[in-house]
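What follows is each chain in one-letter form.
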Amino acid sequence: MKYLLVVLTGVLMLLGIQAFAQEPVKAEQGSDLDSLRKLEEAARDTLIFNSKYIRYTNLGLLKDSTQTVPIDTTLYRFHNYNPLNQPERPTVNLGNLGLPYREMLFNPSKTIGFDPGFHSMDIYRLTQDSLTYYRARTPFTSLYYVNGSTAEQILKVIHTQNIKPNWNVGANYFRIGARGTYRNQNADHMNAAVFTWYESPKKRYNIMVNGLFNTLKTEENGSVLNDTIFNSTSTLGAAQETVRLNNSSDPVRQTSKQKGFFLKQFYYIGRIDSLVKDSASKVLPTQRLSHSLNYTKDFYRFYKNDADPYNVFPDIANDADLVVDTTTVSNFRNEFMYSFYLRGKAVSFIKNEVKLDLGLQHDLYKYNQEGYDLSFQNITFKGNIGYRFSNRVTINGNLQQVFQGRNAGDFLYEAQAQFNLSRSVGRIILGAYSQNKSPEQIYDRLNYTYHNWDNSFDKTKINNLSFAYVNPKYRFNLKAEYFLMTNYLYLAETTFPNVIEPRQEGGNISMLKLSAGKTFRMGNFNLESYVVYQKTDYQDLLRVPEFYTYNSFYYGNRFFKNALAANLGFDVKMNTAFLAPSYAINISQFYNGYPAKFSSYPIVDVWARFSLRRANIFVRYDYLNQGLFSKGYYTVNRYPMPSALLKYGVSWNFYD
């Protein structure tokens, strides 16, 4: 690992002498950048493989057809590498990449059925939905590396190749290593997967198989002792600040592990159609049978072998330095689906198409938490119906309901209508859903050392209405959402210090969420803006900001006969002040604690990104304006966010 980092750093320095950024190109505009690379390669005498020979798919793209899309080699948002700081999905977190987080904007989960309730590390996981399968006419390797000194480092390696024209194999290896700004913030995450995709020569049968592994390890420092760290005159560096859990030789830590095996196969019956000349891109069935098998085993562990001089944990009788709390969940899932598609034989564009999906999902669970065992099953009915009146109007309905088992009565009913008005006017999307969900297991029962309860809460109900307007021509989108929630569950602090308990709000909670995005172009200058407004009658309970905005301004151009594309710009994000959540270490959960509200100021990051042949590179300096309005800021009570830091990253693709 050390030698690989040295090589990548040296390559970055050599390339950095020649150039400094690239014109922004969105994913759908990636062909422009790829064309430049192809022109340069076409001048050679021999065949040079490039990105056009590599296509990929995922479970979402395979939902009702066989389709592949080209890999993205553009620079669009390439510098937004941190999953905690995505423009449309900001988070509140403990102050460093790899540490627990909670979403800042209101985005309720749309899942039903059994849920153990541990989600503060989900964003770092490699999941079945995010795993990709490839068609590679040449062996393909992608290297991705980000360096932020010792504060954070990311390494991603993907290799895939076709051993036959219709049979692909590959592997992923992702790593996050971060020490953080303050003491005992180490994060060490590893994601790995091996995968294969086989398609029969006549394109009727497909099978995907993978083995997936996640190991997430984080240290817990209990927050910085100095509550006025950004207002005091202390000359201590961040690494020397005292933290509440201070035993660096054996720090308090959380470990989350997951291993899984997945198999999905489907067979097309009757006529199959294609929408494009290259039948490998999209194959449409008229009938389809599918089966998937998924086995996962999740392990959550809290470890402490340290004294508690600053009362981070609740006061309990016979409190000991050594505490080990564990939860294990295994799930064996089988899903069978039958799909029927009725359409005309002319498929230059699809109109008057009826789609119907019917299926059953069987889940077998085994759950253990410190001697408390559960073994149970759920059977879920799944259905989907869609009708395309023309190439302008589409209606879809989705139904999921657990009708047998421990979580019987859970359901998710969803409907959507899309109206394509015209290329210049855009399209309108109307949506609605109704959800009835069992409480997460952590709310109903917890059997840990510092927190122990046994409840029987009612199911949470969420009703949603949404309106969206999208205009690709003018690069504008608008969305309005209304949520009505009943029996909302949350964690709150009791009258005893550091003791929390689950609570349920039985009344109706309303949430209005408005969001809009617009891209402006003035010659080589670009401005991307995204704005969100959230209003609820329970602001103190939900604890989300009323206003959030992200803006990215940059200059883009091409140099050296179009061989180099470059961008230079800065990002500004800001949200209004809101009651910050607190964090319970021993259960890795965010809760409503002391009502701390911190001042909010703009955060400015400056960056450059550029592309040269097969390499994309960025350099960025985060929190450029530190010290202008304040010395720092918080998003979670007592946990300061990182200080200004220089970072760089490189992505390099190999097609041989």
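As shown above, the structure is provided for reference.
Residues numbered from 1 in each chain as written. Predicted model: local features only at pLDDT ≥ 70, side-chain atom pairs only at ≥ 80, totals over all residues. Heavy atoms only, no water.

### Digging into the overall build of the protein chain
In terms of regular secondary structure, the protein chain is built from four helices and 37 strands. When each of the 656 residues of the protein chain is scored for burial, the buried share is 52%. Contacts in the protein chain between residues at least 24 apart in sequence constitute 65% of all its contacts with a sequence separation of at least 6. Carbon and sulfur atoms provide 57% of the accessible area of the protein chain, an area that totals close to 29700 Å². (Helix = DSSP H or I, 4+ residues; strand = E, 2+ residues; numbered from the N terminus. Buried < 20%, exposed > 50% of the residue type's maximum accessible area, 1.4 Å probe, protein only. Contact = heavy atoms within 4.5 Å. Areas by Shrake-Rupley, 256 points an atom, 1.4 Å probe, with all protein chains shown as cover.)

### Comments concerning the environment of leucine 478
Examined against the element boundaries, leucine 478 turns out to sit in strand S24 (residues 476-486). With a relative accessible area of 34%, leucine 478 lands in the partly exposed category. A sequence separation of 40 residues divides leucine 478 from lysine 518, and the C-alpha atoms of the two residues are 8.8 Å apart. Ignoring anything within four residues of it in the chain, the contact list for leucine 478 reads Phe467, Ala468, Tyr469, Ser515 and Ala516.

### Here's the deal with the environment of arginine 137
In this fold, arginine 137 is placed in the loop between strand S7 (133-136) and strand S8 (140-148). For arginine 137, a relative accessible area of 66% puts it in the exposed group. Along the sequence, arginine 137 and lysine 52 sit 85 residues apart, while their C-alpha atoms lie 9.3 Å from each other.

### Concerning the packing of aromatic side chains
The full count for this structure, using the stated rule, is 35 aromatic pairs. Ring plane angle 50° and centroid distance 6.4 Å describe the contact between tyrosine 56 and tyrosine 134, whose orientation is recorded as tilted. Residue tyrosine 56 is found in strand S1 (residues 54-57), and its partner tyrosine 134 is found in strand S7; the two are separated by 78 residues along the sequence. With a relative accessible area of 23%, tyrosine 56 lands in the partly exposed category. Judged by relative accessible area, tyrosine 134 falls into the buried class, the value being 6%. Ring geometry for tyrosine 81 against phenylalanine 618: centres 5.6 Å apart, planes inclined by 15°, an arrangement best described as stacked. With tyrosine 81 in the loop between strand S3 (69-70) and strand S4 (85-86) and phenylalanine 618 in strand S34 (residues 615-622), this residue pair connects regions lying 537 residues apart in the sequence. (Phe/Tyr/Trp six-rings, centres within 6.5 Å; stacked < 30°, edge-to-face > 60°.)

### Let's talk about the nonpolar core
Generally speaking, nonpolar side chains in soluble globular proteins are found buried as a group. Residues Leu94, Phe313, Tyr548, Tyr583, Ile585 and Val636 are the most contacted members of the largest nonpolar core, which totals 24 residues. Elements with a minimum of two residues in this core: strand S28 (525-536) and strand S29 (547-559). Apart from the residues within four sequence positions on either side, isoleucine 585 is in contact with Glu220, Gly222, Leu245, Val252, Gln254, Phe302, Val312, Phe313 and Tyr639. Within the second largest apolar cluster, 22 residues are counted, among which are Leu62, Phe140, Trp197 and Tyr268. (Core = buried A, V, L, I, M, F, W, Y, C linked by side-chain atoms within 4.5 Å.)

### Some details on the sheet that holds S1
Pairing is antiparallel in the open sheet, where three strands are placed in the order S3-S1-S7. Each of the sheet's edge strands pairs with one partner strand only, and the pair in question is S3 and S7. Two elements, S1 and S7, share four bridges in a ladder whose sense is antiparallel. By the bridge assignment, threonine 57 is partnered in S7 with tyrosine 133. (Pairing = 2+ DSSP bridges.)

### Let's talk about the pattern of salt bridges
Counted according to the given criterion, the structure contains 29 salt bridges. Of the charged contacts in the structure, one is a salt bridge between aspartate 298 and arginine 125, with a shortest N-O distance of 3.2 Å. Highlighted residues: aspartate 298 in strand S14 (residues 282-305) and arginine 125 in the loop between strand S6 (101-103) and S7, separated in sequence by 173 residues. The salt bridge partner of aspartate 188 is arginine 175, with a shortest N-O separation of 3.0 Å. Of this pair, aspartate 188 sits in strand S11 (residues 187-199) while arginine 175 sits in strand S10 (residues 167-178), placing them 13 residues apart in sequence. Accessibility expressed as a relative area gives 32% for aspartate 188, which makes it partly exposed. (Salt bridge = Lys/Arg side-chain N within 4 Å of Asp/Glu carboxyl O.)

### Brief notes about the pairing of S24
Sheet topology note: the strand S23 (residues 460-471)/S24 ladder contains eleven bridges and is antiparallel. Bridging across to S24, phenylalanine 467 finds its partner in alanine 480.

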